[in-house]
Amino acid sequence: MKKIILAAVSVLVPVIMSAQAQINTKKEKIEDFTEKTTKVVLTGNMFFDQTFREEVQNRWRISPFEFCTLQEFEQLKTDSGYYFLMAVKGQFRKETRPGLTMLSVVKGGEEASGGISKMLDVITVPVMSAEDPSGREFVFLPALLDIIQNHILRSMETDVAGYAGLSTYNSIIDTATEGKNFIFAADDLSEELTPEIMDEYADDKVIVTDTDTADEIMMENTTNSVVSFTVYPSDRRKGSFCYKMLIDAGTHQLYYYKRHKITKRTGPGFLPEDMDRIIGK
């Protein structure tokens, strides 16, 4: 796993998160998740927190939860009786500043005295650009919360899910998406996917549309519609990554999750190799 720097949104203090060898397996370490209280850490940003609070209240179902401030998190983080759901800023090794905001679930414990990087990372999901969010994060936040919960439950059953992360869902795209439409927002496609190239993938199940239409399909929970969602820094920078997802608008099932490094030659968005894997042509 490539190393990534995370920082609490309102504090902006960088820390490093990395996969480390553990005495007990991840499955064993989080087996008490549904029994422990999840502290939902508010960022202090009233605009984000209002929607975040509402969506958690509407969608969180796998454990008891309570809201807390960043200051309360600092006081409680060493308590193994809590898990924490919080927004963090992510900075990869070669980035000069944080590029992404992510939703992360971590477990409290004594090791937290050394910072967030020392806490057990249960799951981390990219949600928006750190500096200039597009607004799509609010459209997809309900789905991301469901994806987080479903993945935690899977990780409690098998270490494969816990250690491999969200990329494990890519294996189901060949069979589980039969009968579904693929809705790609044009802004989610890389510059390499020109209209001519997209014509090679075009059929009645592959639809390229504007972002507003794609987001409306997502918000209306349209059945049998798998919608694209990309997360990357608002400006191209050395060492940054673009995350690409396909999410079922009706069920919030994650069908595709992959990232690639942004370079001078490879910009953000779905690449031809992604389309080859997704569409199978």
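Above this text is the structure in question.
Residues numbered from 1 in each chain as written. Predicted model: local features only at pLDDT ≥ 70, side-chain atom pairs only at ≥ 80, totals over all residues. Heavy atoms only, no water.

**A few points about unusual backbone geometry**
If you check the backbone angles, Asn221 has positive phi at about 50 degrees while not being a glycine. Of note, Asn221 is situated in the loop between helix H8 (211–219) and strand S10 (225–231). In this structure Asn221 comes out as partly exposed when scored by relative accessible area, which is 38%. At His252, a residue that is not glycine, the phi angle is positive and equals roughly 65 degrees. If you trace the backbone, His252 turns up in the loop between strand S11 (241–248) and strand S12 (254–261). (Helix = DSSP H or I, 4+ residues; strand = E, 2+ residues; numbered from the N terminus. Buried < 20%, exposed > 50% of the residue type's maximum accessible area, 1.4 Å probe, protein only.)

**A word on the pattern of salt bridges**
If you walk through the whole model with that rule in mind, you get 10 salt bridges. When the shortest N-O distance is used, the salt bridge between Asp215 and Arg136 registers 2.9 Å. Of this pair, Asp215 sits in helix H8 while Arg136 sits in helix H4 (residues 136–157), placing them 79 residues apart in sequence. Notably, a salt bridge pairs Asp248 with Lys180, separated by 3.1 Å at the nearest N-O pair. Note that Asp248 is positioned in strand S11 and Lys180 in the loop between helix H6 (173–176) and strand S8 (181–185), a separation of 68 residues in sequence. The pair formed by Asp248 and Lys180 is uniform in burial state, with each residue classed as buried. (Salt bridge = Lys/Arg side-chain N within 4 Å of Asp/Glu carboxyl O.)

**Some points on the sheet that holds S8**
To summarise the sheet geometry, strands pair through backbone hydrogen bonds and adopt either a parallel or an antiparallel arrangement. Taken in spatial order, the five strands line up as S9-S8-S10-S11-S12 in an open sheet, and their pairing is mixed. Only two strands of the sheet have a single partner each, and these edge strands are strand S9 (206–209) and S12. This sheet shows a mean twist of 20 degrees between the axes of neighbouring strands, independent of strand direction. Alignment of S8 against S9, held across four bridges, turns out to be parallel. Each residue of the ladder has a partner; that of Phe182, found in S9, is Val206. In this fold helix H9 (residues 272–279) packs onto S8, S9, S11 and S12, with an angle of close to 160 degrees to the strand it touches most, S12. (Pairing = 2+ DSSP bridges. Axes fitted to C-alpha atoms, helices over the stretch in contact; angles between N-to-C directions. Contact = heavy atoms within 4.5 Å.)

**Some words on H8**
Residues of H8 that are buried: Thr211, Ala214, Asp215, Ile217 and Met218. Seen end-on, H8 carries its buried residues on one side only, within an arc spanning 155 degrees. Among the exposed residues of H8, those pointing more than 90 degrees away from its buried face are Asp212 and Met219. Those residues of H8 that are buried lie in contact with H4, S8, S9, S10 and S11. In this structure Asp210 caps H8, since a side-chain oxygen of it lies 3.2 Å from the backbone nitrogen of Asp212. Residue Asn221 follows H8 closely and has a positive phi angle near 50 degrees. (Arc of directions from axis to C-beta. Polar contact = N/O pair within 3.5 Å; in protein donor to acceptor, adjacent residues only side chain to side chain.)

**Points about the pairing of strand S3 (residues 37–41)**
Here S3 lies mainly inside the structure; five of its five residues are buried. Neither face of S3 is open: one carries Thr37, Lys39 and Val41, the other Thr38 and Val40, and all of them are buried. Sheet analysis places S3 next to strand S4 (residues 65–68), joined by four bridges and oriented parallel. Bridge pairing in S4 links Val40 to Phe67. Remark: the S3/helix H2 (residues 46–59)/S4 crossover connection has right-handed handedness. (Right-handed = clockwise from strand over helix to strand, strands pointing away.)

**Thoughts on the packing of aromatic side chains**
Per the counting criterion, the structure on display carries 11 aromatic pairs. Judged by centre distance (5.8 Å) and plane angle (85 degrees), the rings of Phe65 and Phe67 are edge-to-face. A relative accessible area of 26% places Phe65 in the partly exposed class. Here the aromatic rings of Tyr82 and Phe84 are separated by 6.3 Å at their centres, their planes lie at 50 degrees, and the arrangement is tilted. (Phe/Tyr/Trp six-rings, centres within 6.5 Å; stacked < 30°, edge-to-face > 60°.)

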